[in-house]
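# Architecture at a glance
Chain residues, written in single-letter form:
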Amino acid sequence: MSGREDLAESLGTSPHPREIPAKIEDRLIVALDVPKVAEARELAARLDGIVSFFKIGLWLLFAAGGDGLIDELLRKGKKVFLDSKMFDIGETVKQGVARAAERGVSLVTVHGDGDIIRAAVEGKGNSDLKIFAITALTSLDENGLRELGYLCTVEELIRLRVRNAVKFGSDGIIASPRDNPNKMRALAGADHLLIATPGVRMPGAALDDHKRSGTPAQAIADGADYLVVGRPIIKDPDPVKAALRIIDDMRRGAAT
């Protein structure tokens, strides 16, 4: 290890730049949050040539045929984000992540507790799988945090989770547009930290159940590496046009 790498490791930073796709459209992750695999398959087919990265969450992980959909997307050269939000004992998390890595999944989410992140990192081994830690769900506000028993603000919880993500070796985090990715990297002293941002909406659109939202351009300009978008695309009468509108807005953000 070089002296530069030693210094970077001691500071919790990396001498390597963040690994993000060169094409802005490849930084859009479409959430296939639909109840049936056939519907998800149709959406993926309609978006073929425009979107290369798809999120599969609990809607489809528990649906009949969901497992086969993962293999189908991977065979077609798509990248798969398993939004499993793992929160369990270390060995269970480790083995779950290991199975995802064996299949060629690109990204898996785990909750931001230190022991969970550590187990997930161990489970991925030397694979290309990326571990993203959950900081605070975009549906969470101060009232919700108090109901969970946390005696801190959402901002304070996020700061703790970001530091844990870096300390225990997570590749990235999930953060809302309001959290400002560049500031979060600066807070953690980790320029290499990847950040994926859900809760993104076009100007004037309904926020649904997201309480800490923002536009695609804003999120990209503030340093988000990936945007995770579901309903604004999959519920639109024309998902292709909706995806293209978001990509255009992302491109505007990248140009600022």
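The rules behind these values
Residues numbered from 1 in each chain as written. Predicted model: local features only at pLDDT ≥ 70, side-chain atom pairs only at ≥ 80, totals over all residues. Heavy atoms only, no water. Helix = DSSP H or I, 4+ residues; strand = E, 2+ residues; numbered from the N terminus. Buried < 20%, exposed > 50% of the residue type's maximum accessible area, 1.4 Å probe, protein only. Polar contact = N/O pair within 3.5 Å; in protein donor to acceptor, adjacent residues only side chain to side chain. Contact = heavy atoms within 4.5 Å. pLDDT = per-residue confidence, 0-100. Salt bridge = Lys/Arg side-chain N within 4 Å of Asp/Glu carboxyl O. Axes fitted to C-alpha atoms, helices over the stretch in contact; angles between N-to-C directions. Parallel < 35°, antiparallel > 145°, perpendicular 65-115°, else oblique. Left-handed = near helix turned anticlockwise from the far one by under 90°. Patch = residues over 30% accessible without salt bridge, like charges linked within 9 Å, V, L, I, M, F, W, Y side chains within 5 Å. Areas by Shrake-Rupley, 256 points an atom, 1.4 Å probe, with all protein chains shown as cover. Core = buried A, V, L, I, M, F, W, Y, C linked by side-chain atoms within 4.5 Å.

## Let's talk about the side chain of T109
- Along the chain, the position of T109 falls in strand 4 (residues 107-111).
- On the accessibility criterion, T109 (0% relative accessible area) is buried.
- Reaching out from T109, the side chain makes a polar contact with the backbone nitrogen of K85 at a distance of 3.0 Å.
- Look past the residues within four positions of T109 in its chain and what remains in contact with it is F81, L82, D83, S84, K85, M86, F132, I134 and I174.

## Describing the confidence of the model for the protein
- Taken residue by residue, the protein gives an average pLDDT of 87. The fraction at 70 or more is 85%.
- Throughout residues 1-15 the model reports pLDDT below 50, and contacts reaching past four residues in sequence, or to other chains, amount to 17 contacts.

## Considering the pattern of salt bridges
- Tallied over the entire structure, the rule returns 20 salt bridges.
- D71 is the partner of R103 in a salt bridge, and the nearest nitrogen-oxygen pair spans 2.8 Å. One end of the pair, R103, is in helix 5 (residues 90-103); the other, D71, is in helix 4 (residues 66-75), and 32 residues separate them in sequence.
- Judged by its relative accessible area of 31%, R103 falls in the partly exposed class.
- Across the pair D113 and R161 runs a salt bridge, and its minimum N-O distance is 3.8 Å. Here D113 is found in the loop between strand 4 and helix 6 (114-124), whereas its partner R161 is found in helix 8 (residues 154-167), with 48 residues between them in sequence.
- Under the relative-accessibility criterion, R161 is labelled buried at 9%.
- Among the charged side chains, a salt-bridge network with shared partners connects D33, K55, D83 and K85.

## What to know about the packing of helix 2 (residues 37-46) against helix 4
- Following both chains from N to C, one finds helix 2 and helix 4 inclined at 15 degrees, their axes separated by 10 Å at the closest point. Considered as vectors, helix 2 and helix 4 are oriented roughly parallel to each other. By crossing handedness, the relation of helix 2 to helix 4 is classed as right-handed. For the pair helix 2 and helix 4, contact is made by V37, A40, R41 and A44 and by G66, L69, E72 and L73, respectively.

## So, the environment of V108
- Residue placement: V108 occurs in strand 4.
- Residue V108 is classed as buried on the basis of its relative accessible area of 1%.
- Linking V108 and K55, residues 53 residues apart in sequence, is a C-alpha distance of 9.6 Å.
- Aside from chain neighbours lying at most four places away, what touches V108 is L82, S84, M86, V97, A100, L129, K130, I131 and F132.

## Observations concerning a nonpolar patch on the surface
- The grouping of L58, L61 and F62 at the surface amounts to a nonpolar patch, some 320 Å² of accessible area in total.
- In this structure, L58 sits in helix 3 (residues 58-61).
- Taking the relative accessible area as the measure of exposure, L58 reaches 47% and is therefore partly exposed.

## Things to note about the nonpolar core
- Counting residues in each nonpolar core, the largest one holds 62 residues, and the members touching the most others are L28, V30, L60, V108, V110, I173 and I233.
- With residues up to four places along the chain from it excluded, the contact list for I233 reads L28, V30, L47, P239, A242, A243 and I246.
- Among the nonpolar cores identified, the runner-up in size contains twelve residues, and A31, F53, L107 and A196 belong to it.

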